[in-house]
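The residues making up each chain are set out below.
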Amino acid sequence: MGKWGLEGFDTFEDESYSLPGKFDTQEKAEEAATKRLAELEKTQPTSSSGGQSFGGIQDQIYIIRPDGSKYRYFS
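Calculation rules
- Counting starts from 1 at the beginning of each chain's written sequence and moves along it residue by residue.
- Per-residue local features of the predicted model are confined to residues with pLDDT of at least 70, and side-chain atom pairs are confined, for both listing and counting, to 80 or more; whole-chain, interface and lining totals are unaffected and use all residues.
- Each side-chain value is derived from all of the structure's non-hydrogen atoms; neither hydrogens nor water enter the calculation.
- Two strands pair if DSSP finds at least two bridges between them.
- A run of H or I in DSSP counts as a helix once it spans at least four residues, and a run of E counts as a strand once it spans at least two, with each numbered from the N terminus.
- Interaxial angle, 0 to 180 degrees, is taken between N-to-C directions of lines fitted to C-alpha atoms, where a helix line uses only the stretch in contact.
- Whether a residue is buried, partly exposed or exposed follows from its accessible area with a 1.4 Å probe, protein chains only, as a fraction of its type maximum: under 20%, in between, or over 50%, in that order.
- Multiply 1.5 Å by the residue count of a helix minus one, and that product is the helix's expected span.
- What the arc covers is the set of directions going from the helix axis to the C-beta atoms.
- Side-chain atoms within 4.5 Å link the members of a nonpolar core, which is a set of buried Ala, Val, Leu, Ile, Met, Phe, Trp, Tyr and Cys residues.
- Residues are treated as being in contact if the distance between any of their heavy atoms lies within 4.5 Å.
- Definition of a polar contact: a pair of N or O atoms within 3.5 Å, with one able to donate and the other able to accept a hydrogen when the atoms are protein atoms, and with sequence-neighbouring residues admitted only if both atoms are side-chain atoms.

S.K.: Describe the sheet that holds strand S1 (residues 4-10), and please don't skip the residues or the numbers.
M.R.: Spatial ordering of the open sheet is given by S2-S1-S3-S4, a layout of 4 strands whose pairing is antiparallel. What marks the edges here is a single partner per strand, and that holds for strand S2 (15-23) and strand S4 (70-72). Averaged over all neighbouring strand pairs, the angle between strand axes comes to 25°, with direction disregarded.

S.K.: Let's hear about the pairing of S1: which residues, and what values?
M.R.: S1 sits mainly inside the fold: 7 of its 7 residues count as buried. Here S1 shows no split at all, with Trp4, Leu6, Gly8 and Asp10 on one side and Gly5, Glu7 and Phe9 on the other all buried. In textbook terms, the turn of a hairpin is the stretch between consecutive antiparallel strands, and for S1 and S2 this stretch comprises 4 residues, one of which, aspartate 14, has a positive phi near 60°.

S.K.: Break down helix H1 (residues 26-43) for me, with residues and values.
M.R.: At 3.6 residues per turn, the α-helix brings residues three or four places apart onto the same side. With 18 residues, H1 extends 26 Å from end C-alpha to end C-alpha; this agrees with the ideal 26 Å at 1.5 Å per step. For H1, every residue scored as buried is listed here: Ala29, Ala32, Ala33, Leu37 and Leu40. The buried residues of H1 occupy one face: seen down the axis, they fall within an arc of 145°. Facing away from the buried side of H1, by more than 90 degrees, are the exposed residues Glu27, Lys35 and Lys42.

S.K.: Tell me what's going on with the nonpolar core, and back it up with residues and numbers.
M.R.: The biggest cluster of nonpolar side chains holds 13 residues, and the ones touching the most others in it are Trp4, Leu6, Phe23, Ala33, Ile61, Ile63 and Tyr73. Of all elements in the fold, only S1, S2, H1 and strand S3 (60-64) reach the threshold of two or more residues within this core. Element by element, the count of residues in this core is highest for H1, at 5 residues. Not counting chain neighbours up to four residues away, the residues in contact with isoleucine 61 comprise Leu6, Glu7, Gly8, Leu19, Ala33, Arg36, Leu37, Leu40, Tyr71, Arg72 and Tyr73.

S.K.: Account for the pairing of S2, naming residues and giving values.
M.R.: Residues in a regular strand point their side chains to alternate faces of the sheet. Of the pairings in the sheet, the one linking S1 to S2 comprises 6 bridges and is antiparallel in character. Its bridge partner lying in S2, glycine 8 is registered against tyrosine 17.

S.K.: With reference to specific residues and values, describe the environment of aspartate 10.
M.R.: In this fold, aspartate 10 is placed in strand S1. Distance from aspartate 10 to glutamine 58, taken between C-alpha atoms, is 7.4 Å for residues 48 residues apart in sequence. Contact partners of aspartate 10, with chain neighbours within four places excluded, come to Glu15, Tyr17 and Asp59. At 2.9 Å, the side chain of aspartate 10 forms a polar contact with the backbone nitrogen of glutamate 13.

Remember, this is a structural readout, not a statement about activity or role.
Take a look at the structure:
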């Protein structure tokens with residue numbers, strides 16, 4: 001069975017970047033994604049970046065499924 005992973009997307013630069021960690025389950029990947037979003041809130045506060053809302057420039061987090069497909073994660 002494959003592993004789950006995370007990927008970031010810099011909305012300002014319009015490019016993806018890899019994030020460390022491989023996870024055995026979707027739940028573990030979502031826990032890590034939640035932590036990453038909390039870190040982003042500290043470094044790219046919603047008050048100045050627009051947050052995760054449409055039009056916001058805060059980085060986005062994607063969860064990569066074992067089959068390579070991915071979906072955007074919202075906590």
